[in-house]
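# Structural overview
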Amino acid sequence: MTEAELFLALAKLLLIKSMATNAPSSEHVPSLPEASTESGNKERWLIIDNDAGIDDAAAMVLAGSLAKSYGVVIKALVVSYGNVGQEHVLRNNAKIRQHMGPDGISIPILPGHDKPLVATAGHASFWHGLDGLGDAKGIPQGPFPLPHDGPVEGGSQDMIARVTEIAEEAASKGHELIYCVLGPMTNLASAVRVNPKLKSLIKRLVVMGGCGNARGNDSLTGEFNVLTDPEAASIVFATFDNVEVVSWELTLVHSVPWPIFDKWRSLAPQHPAIDFLDKVLHLAYVERRVVHTDSYKYNGAIICDALAIAYVLEPKLAKKSKSVWVGVELEGTLTRGQTVVDWGTSQQAGKHGDKNCTWVIDIDQTVWEEMFARIGVGESSSSKPSSE
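Residues numbered from 1 in each chain as written. Predicted model: local features only at pLDDT ≥ 70, side-chain atom pairs only at ≥ 80, totals over all residues. Heavy atoms only, no water.

## Regarding the overall build of the protein
- Helix and strand counts for the protein come out as 15 helices and eleven strands.
- Expressed as a percentage of the 388 residues in the protein, the buried residues total 56%.
- Split by element, the accessible area of the protein, about 16,200 Å² in all, is 53% carbon and sulfur. (Helix = DSSP H or I, 4+ residues; strand = E, 2+ residues; numbered from the N terminus. Buried < 20%, exposed > 50% of the residue type's maximum accessible area, 1.4 Å probe, protein only. Areas by Shrake-Rupley, 256 points an atom, 1.4 Å probe, with all protein chains shown as cover.)

## Side note on helix H5 (residues 156-172)
- Across its 17 residues, H5 extends 24 Å between first and last C-alpha, which sits within 8% of the 24 Å expected from 1.5 Å per residue.
- Residues of H5 that are buried: Met159, Ile160, Arg162, Val163, Thr164, Ile166, Ala167 and Ala170.
- Residues of H5 that are buried make contact with strand S1 (44-50), strand S2 (72-79), strand S3 (109-111), strand S4 (176-181), helix H6 (186-194) and helix H7 (198-201).
- Just downstream of H5, glycine 174 is the residue with a positive phi angle, here 75°. (Expected span 1.5 Å × (residues − 1). Contact = heavy atoms within 4.5 Å.)

## Some points on unusual backbone geometry
- For the peptide bond that leads from alanine 52 to glycine 53, omega is -10°, which places it in the cis range.
- Checked against the element boundaries, glycine 53 lands in the loop between S1 and helix H2 (54-66).
- At aspartate 135, a residue that is not glycine, the phi angle is positive and equals roughly 45°.
- Residue classification places aspartate 135 among the partly exposed positions, given a relative accessible area of 38%.
- Located in the positive-phi region is alanine 214, a residue other than glycine, with phi close to 60°.
- Structurally, alanine 214 is set in the loop between strand S5 (204-208) and helix H8 (224-228).

## Some details on the pattern of salt bridges
- Overall, the coordinates contain ten salt bridges when judged by the stated rule.
- The partner of lysine 173 in a salt bridge is glutamate 169, and the shortest N-O contact between them spans 2.8 Å.
- On the basis of relative accessibility, which here comes to 48%, the residue lysine 173 falls in the partly exposed class.
- Between arginine 265 and aspartate 262 there is a salt bridge; the shortest N-O distance is 3.2 Å. Taken as a pair, arginine 265 and aspartate 262 lie in helix H11 (residues 258-265) at a separation of three residues, close to a single helical turn.
- Several salt bridges share partner residues, and in doing so they unite Asp262, Arg265, Asp278 and Arg289 into one network. (Salt bridge = Lys/Arg side-chain N within 4 Å of Asp/Glu carboxyl O.)

## Description of the sheet that holds S3
- Here nine strands make up an open sheet; going across it, the order is S3-S2-S1-S4-S5-S6-S11-S9-S10 and the pairing mixed. The outermost strands of the open sheet, each flanked by one partner alone, are S3 and strand S10 (339-342). Looking at each pair of strands side by side, their axes are set apart by 30° on average, direction ignored. (Pairing = 2+ DSSP bridges. Axes fitted to C-alpha atoms, helices over the stretch in contact; angles between N-to-C directions.)

## Examining the environment of glutamate 244
- Of note, glutamate 244 is situated in strand S6 (residues 243-246).
- Taking relative accessible area as the criterion, glutamate 244 reaches 3% and is therefore assigned buried.
- Taking the C-alpha atoms as reference points, glutamate 244 and serine 323, 79 residues apart in sequence, are found 9.2 Å from one another.
- At 2.8 Å, the side chain of glutamate 244 forms a polar contact with the side chain of arginine 204. (Polar contact = N/O pair within 3.5 Å; in protein donor to acceptor, adjacent residues only side chain to side chain.)

## Brief notes about the packing of H11 against helix H12 (residues 272-287)
- Contact geometry of H11 with H12 gives a least axis separation of 10 Å together with a crossing angle of 145°. Contacts between H11 and H12 involve Trp258, Phe261, Trp264 and Arg265 from the former and Ile274, Leu277, Asp278, Leu281, His282, Tyr285 and Val286 from the latter.
- Along the lines of polarity and charge, the residues of the contact of H11 with H12 split into eight nonpolar, one polar and two charged. (Nonpolar A, V, L, I, M, F, W, Y, C, P; charged D, E, K, R; others polar.)

## Overview of the pairing of S2
- By the criterion of burial, S2 is predominantly enclosed, with six of the eight residues buried.
- Strand direction decides the pairing type here: S1 and S2, joined by seven bridges, are parallel. What sits directly across from isoleucine 47, in S2, is alanine 76.
- Traced from S1 through H2 to S2, the parallel crossover comes out right-handed.
- Two strands pair when backbone bridges link them, and S2 and S3 are joined in this way by three bridges, in the parallel orientation. Looking at S3, one finds that valine 78 is bridged to leucine 110.
- Between the parallel elements S2 and S3, the chain passes through helix H3 (residues 86-97) in a crossover that is right-handed. (Right-handed = clockwise from strand over helix to strand, strands pointing away.)

## Topic: the confidence of the model for the protein
- In this model, the protein carries a mean pLDDT of 86, and residues with pLDDT of at least 70 account for 81%.
- With pLDDT under 50 throughout, residues 6-39 is counted as low confidence; its partners more than four residues away or in other chains account for 63 contacts.
- A low-confidence stretch, residues 379-388 stays under pLDDT 50, and its non-local contacts, those more than four residues away or across chains, total 31 contacts. (pLDDT = per-residue confidence, 0-100.)

## Some thoughts on the pairing of S1
- With seven of seven residues buried, S1 is to be regarded as a mostly interior element.
- By the alternation rule, side chains of S1 split into Arg44, Leu46, Ile48 and Asn50 and Trp45, Ile47 and Asp49, which are all buried.

## Thoughts on the environment of lysine 68
- As for its placement among the helices and strands, lysine 68 is situated in the loop between H2 and S2.
- Sequence-wise, lysine 68 and leucine 313 are 245 residues apart; in three dimensions their C-alpha atoms are separated by 9.6 Å.

Structure below.
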């Protein structure tokens, strides 16, 4: 048995042990949707709204690797802006899609908005590279779209129409529609304003963004995805009452330990998708690792969007969650873009609105590490949907 094969075998054993011994906390919200237990034709359909992005890339390949084993069908990739401009994000989606499993190339790409509703767009190219994929060498370049890039459809109005069409089809067939936002919430905010019935058609809404402890990563109190378009985030939290948040602070305490990350990277010669991601992630997680470890005391790879997608696929990944009210500060000189959370501990508890959000507080680290180890590899024989 090679060292890489031993690593995967150990990951499987850890998952089995964790699922046998770890029960969800009593504070975990029991109403979270799970994979269908029916043996009929009910499916879970997934739309991934992204601003790819190196961690978006890892998340999307994770989705393509494991979706089938969790009863999920990826129906569309909705393209935003954020980490880099939308032109780059479009190209990146086409490149990433080719590594999202055998059916990845056929997943439609739906270009959405290329700027915030009100604010001026920023970017995070200092982290994601100028092209959004770590300025990686050795991955395909060239004009976009190329013939092999697959379907790319319309603009923002077409995106809204297609999302609505997918949502209505899911409802008509009795399927569950999951909408996951990995970047700014501009596309969803715009879509639900044009078509309010999306509020009831989207059965699960998972957002990677926000911070519930006012310790931001872009401003003093603001997380990047929310701060990039606070008005859009405010609309989403004010409209939907079923938002599930995978926050910045959650991803900080659930990084992928460097030994596990490096063992996964060692599989690149055997798996083209891992080889692709190894190149994409190299700048942030290999070249700059010492800086992050020394300056920020990170003890592993913080891959925010991949954790969010893992939770989308396996809701029971959450060991502890809390039902809360969340709003977004739009006016503060120092706090614009802050996600304000009613934790029920202040004199104003309950005065700002009904609870609209499930805030994930803790996840099963062992299961998360096992799911990460399967990115680009495929489904594990021990990776079972929560319905089983």
